[in-house]
Amino acid sequence: THIGLDRCLVEGGLLGFQSKRTGYYHEDMKVDVFREWFVNILPKREPGCVIVMDNSYYHSVRLSRRPNSSWLKQDIIEWLILNNVAFCESDVKVELLHKAQTVADCNENKYVIDDLAKQSGRTVERLPPYHSNLNPIETVWAFIKGFVARNNTAFQLSDVRVLLEDALSQVTPAMWQNNIRHAMKEEEAMWKMDGLSDTIV
C-alpha cells in the first residue's frame, strides 16, 4: 500500500510485504500491520487533510463489534454483560443474539482507522464500494504492476522488489497529479449521470 499528497506520493509511504499466496494477495494483509503503517503515516499528512481510501477489510475494522452467529456463546454473554444487557442463564445462543440486537451501539458503524485519523485532526473519506476508478492510487498501482510484469524476466522475488522500486521512482509528481485530475473527471461524470438519471426518472 502507499499514500499520496495532492502533489506527489508521500516520501517513505510504501508498505510492502511478501504474500504467501499466489491468488488474492489482499488476504495476506494483516489488520494490525495496516493500522501500524497508518498511525506512522498520519504525521506525514498535514492536519485537516482528507484521506481517501476504499473499503478493504483491513481499512474497515469497526470500533465496536456486535455479536453474530459465529461468536461463541460465552463471548456473547461477556458482550451482554459489558453492555449491561439483562439475560437469563437458560437463554440459548439465538436468544442471546436477539438481545444483543436490541442494544443501540453508537460506535458500531464507526471504523478504527477513521477514529485514529480523527484523533490526529485528519479525516477519512471512503469511496463507494466498487468505485476504485475514483481513487488516483489505483491508476498508479496499474502502472506499477504493468511495469513489473513487462520487465520481470528472472521471476525472482529479489528482482521483483528492485522492479517495484524502479516503477515507484517513475511515478513523478506530474503523473500523480494527472491521476488525481482523471479521478476528479470520473467523479464529475458520475455526478452528471446521477443528475441525468434523476431528470429522466
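In this text the structure is predicted, and so the values were computed from the model without any measurement.

### Remarks on the side chain of Arg45
Next up, step 1: Within the secondary structure, Arg45 is located in the loop between α1 (31–41) and β1 (50–53).
Next up, step 2: By relative accessible area, Arg45 is classed as buried at 7%.
Next up, step 3: A polar atom in the side chain of Arg45 sits 3.2 Å from the backbone oxygen of Gly4.
Next up, step 4: Among all residues touching Arg45, those that are not within four sequence positions of it are Ile3, Gly4, Leu5, Val10, Val50, Ile51 and Arg122.

### Topic: the packing of α1 against helix α4 (residues 112–119)
Next up, step 1: At a minimum axis distance of 11 Å, the contact between α1 and α4 shows a crossing angle of 15°. One element, α1, and the other, α4, form an angle in the roughly parallel class. Of the two elements, α1 crosses α4, and the hand of that crossing is right-handed. Taken together, the residues of α4 that come into contact with α1 (itself represented by Phe34, Arg35, Phe38 and Val39) are Val112, Ile113, Leu116 and Ala117.
Next up, step 2: Looking at side-chain class alone, the contact of α1 with α4 contains seven nonpolar, no polar and one charged residues.

### Some words on the pairing of β1
Strand residues, when the strand is regular, have side chains that alternate between the two faces of the sheet.
Next up, step 1: Of the two faces of β1, only one is covered, namely that formed by Ile51 and Met53; the face formed by Val50 and Val52 stays uncovered.
Next up, step 2: Relative to strand β2 (residues 123–126), β1 runs parallel, the two sharing four bridges. Of the residues in β2, the one forming a bridge with Val52 is Glu125.

### Re unusual backbone geometry
Next up, step 1: Unusually for a residue other than glycine, Asn84 sits at a positive phi of about 55°.
Next up, step 2: For Asn84, the location among the structural elements is in the loop between α2 (73–82) and α3 (93–101).
Next up, step 3: Its identity as a non-glycine residue notwithstanding, Tyr130 has a phi of 65°, on the positive side.
Next up, step 4: Tracing the backbone shows Tyr130 in the loop between β2 and α5 (136–151).

About the criteria used
Residues numbered from 1 in each chain as written. Predicted model: local features only at pLDDT ≥ 70, side-chain atom pairs only at ≥ 80, totals over all residues. Heavy atoms only, no water. Helix = DSSP H or I, 4+ residues; strand = E, 2+ residues; numbered from the N terminus. Buried < 20%, exposed > 50% of the residue type's maximum accessible area, 1.4 Å probe, protein only. Polar contact = N/O pair within 3.5 Å; in protein donor to acceptor, adjacent residues only side chain to side chain. Contact = heavy atoms within 4.5 Å. Axes fitted to C-alpha atoms, helices over the stretch in contact; angles between N-to-C directions. Parallel < 35°, antiparallel > 145°, perpendicular 65-115°, else oblique. Left-handed = near helix turned anticlockwise from the far one by under 90°. Nonpolar A, V, L, I, M, F, W, Y, C, P; charged D, E, K, R; others polar. Pairing = 2+ DSSP bridges.

Read these as geometric descriptors, not functional statements.
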